[in-house]
Amino acid sequence: MENTPTTTLDLSLTQDAAEQIKKLLARDPRDGCGLRVAVADGGCSGFSYKLDFEDQRKPGDMVLELNGIKVLVDSCSAPYLAGTVIDFVPGLYGGGFKFSNPNATATCGCGTSFSA
């Protein structure tokens, strides 16, 4: 995987999100692995967020370095993610990642689905 960031997409991770991602990566260490952030059709409101670990860069991917974490974003998802802040919110049942997206015109109660 290429190590050089290739874009200035306005996407950010809070410190809590970065720490949680690093903990998850430490459980199953893979050299060159990064976090893929994507938007897919589906979910209660029309689009849903997808987070996954991946060690292969795909053609057209944007590569960001956020809080010491390599983040991969495909070119179709990038416009929907501009300005988004990804946070980790602890909870009684393990917590989860929360997306604050200025492009979302509506969100679902589950927090992982939105419309734009």
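For clarity, every value in this text was computed on a predicted model and none was experimentally measured.

Draft legend 1. Just the environment of Thr8, in detail. Along the chain, the position of Thr8 falls in the segment before β1 (12-13). When the C-alpha atoms of Thr8 and Ala82 are compared, they prove to be 9.8 Å apart, with 74 residues separating the residues in sequence.

Draft legend 2. How the structure looks around the environment of Pro102. Looking at where Pro102 falls in the secondary structure, it is placed in the loop between β7 (96-100) and β8 (106-107). In this structure Pro102 comes out as exposed when scored by relative accessible area, which is 58%. With 21 residues separating them in the primary sequence, Pro102 and Leu81 have C-alpha atoms 8.5 Å apart. Leaving out residues up to four positions away in the same chain, Pro102 has contacts with Ala82, Gly83 and Thr84.

Draft legend 3. Molecular detail of the packing of aromatic side chains. By the definition in use, this model includes three aromatic pairs. Aromatic side chains Tyr49 and Phe99 sit 3.9 Å apart centroid to centroid with 0 degrees between the ring planes, which places their arrangement in the stacked category. Remark: Phe99 occurs in strand β7 and Tyr49 occurs in strand β3 (residues 47-54); sequence separation between them is 50 residues. Both residues of the pair, Tyr49 and Phe99, belong to the buried class. Aromatic side chains Phe88 and Phe97 sit 5.2 Å apart centroid to centroid with 65 degrees between the ring planes, which places their arrangement in the edge-to-face category. What makes Phe88 buried here is its relative accessible area of 12%. Owing to a relative accessible area of 24%, Phe97 belongs among the partly exposed residues under this scheme.

Draft legend 4. Molecular detail of the sheet that holds strand β6 (residues 85-89). Ordered in space as β1-β6-β7, the three strands form an open sheet in which the pairing is mixed. Two strands lie at the open edges of the sheet, namely β1 and β7, each paired on one side alone. Sheet analysis places β1 next to β6, joined by two bridges and oriented parallel. The residue of β6 that forms the bridge with Ser12 is Val85. Where helix α1 (residues 15-27) meets the sheet, it contacts β1, β6 and β7, and its direction lies at approximately 70 degrees from that of β6.

Draft legend 5. Representation of the nonpolar core within the structure. If you look at the biggest cluster of nonpolar residues, it comprises 24 residues, and the most contacted ones within it are Leu11, Leu13, Val71 and Val73. Going through the elements one at a time, α1, β2 (34-41), β3, β4 (62-66), β5 (69-73), α2 (78-81) and β6 are the ones with two or more residues in this core. With sequence-adjacent residues up to four places away left out, Val73 is seen in contact with Leu9, Leu11, Arg36, Val37, Gly60, Asp61, Met62, Leu64, Ala78 and Leu81.

Draft legend 6. Expanded view of the pairing of β7. By the bridge criterion, five bridges tie β6 to β7 in an arrangement that is antiparallel. What sits directly across from Asp87, in β7, is Lys98. Between β6 and β7, which pair antiparallel and follow one another directly, the connecting turn spans six residues, one of which, Gly94, has a positive phi of 105 degrees.

Definitions and cut-offs
Residues numbered from 1 in each chain as written. Predicted model: local features only at pLDDT ≥ 70, side-chain atom pairs only at ≥ 80, totals over all residues. Heavy atoms only, no water. Helix = DSSP H or I, 4+ residues; strand = E, 2+ residues; numbered from the N terminus. Buried < 20%, exposed > 50% of the residue type's maximum accessible area, 1.4 Å probe, protein only. Contact = heavy atoms within 4.5 Å. Phe/Tyr/Trp six-rings, centres within 6.5 Å; stacked < 30°, edge-to-face > 60°. Pairing = 2+ DSSP bridges. Axes fitted to C-alpha atoms, helices over the stretch in contact; angles between N-to-C directions. Core = buried A, V, L, I, M, F, W, Y, C linked by side-chain atoms within 4.5 Å.

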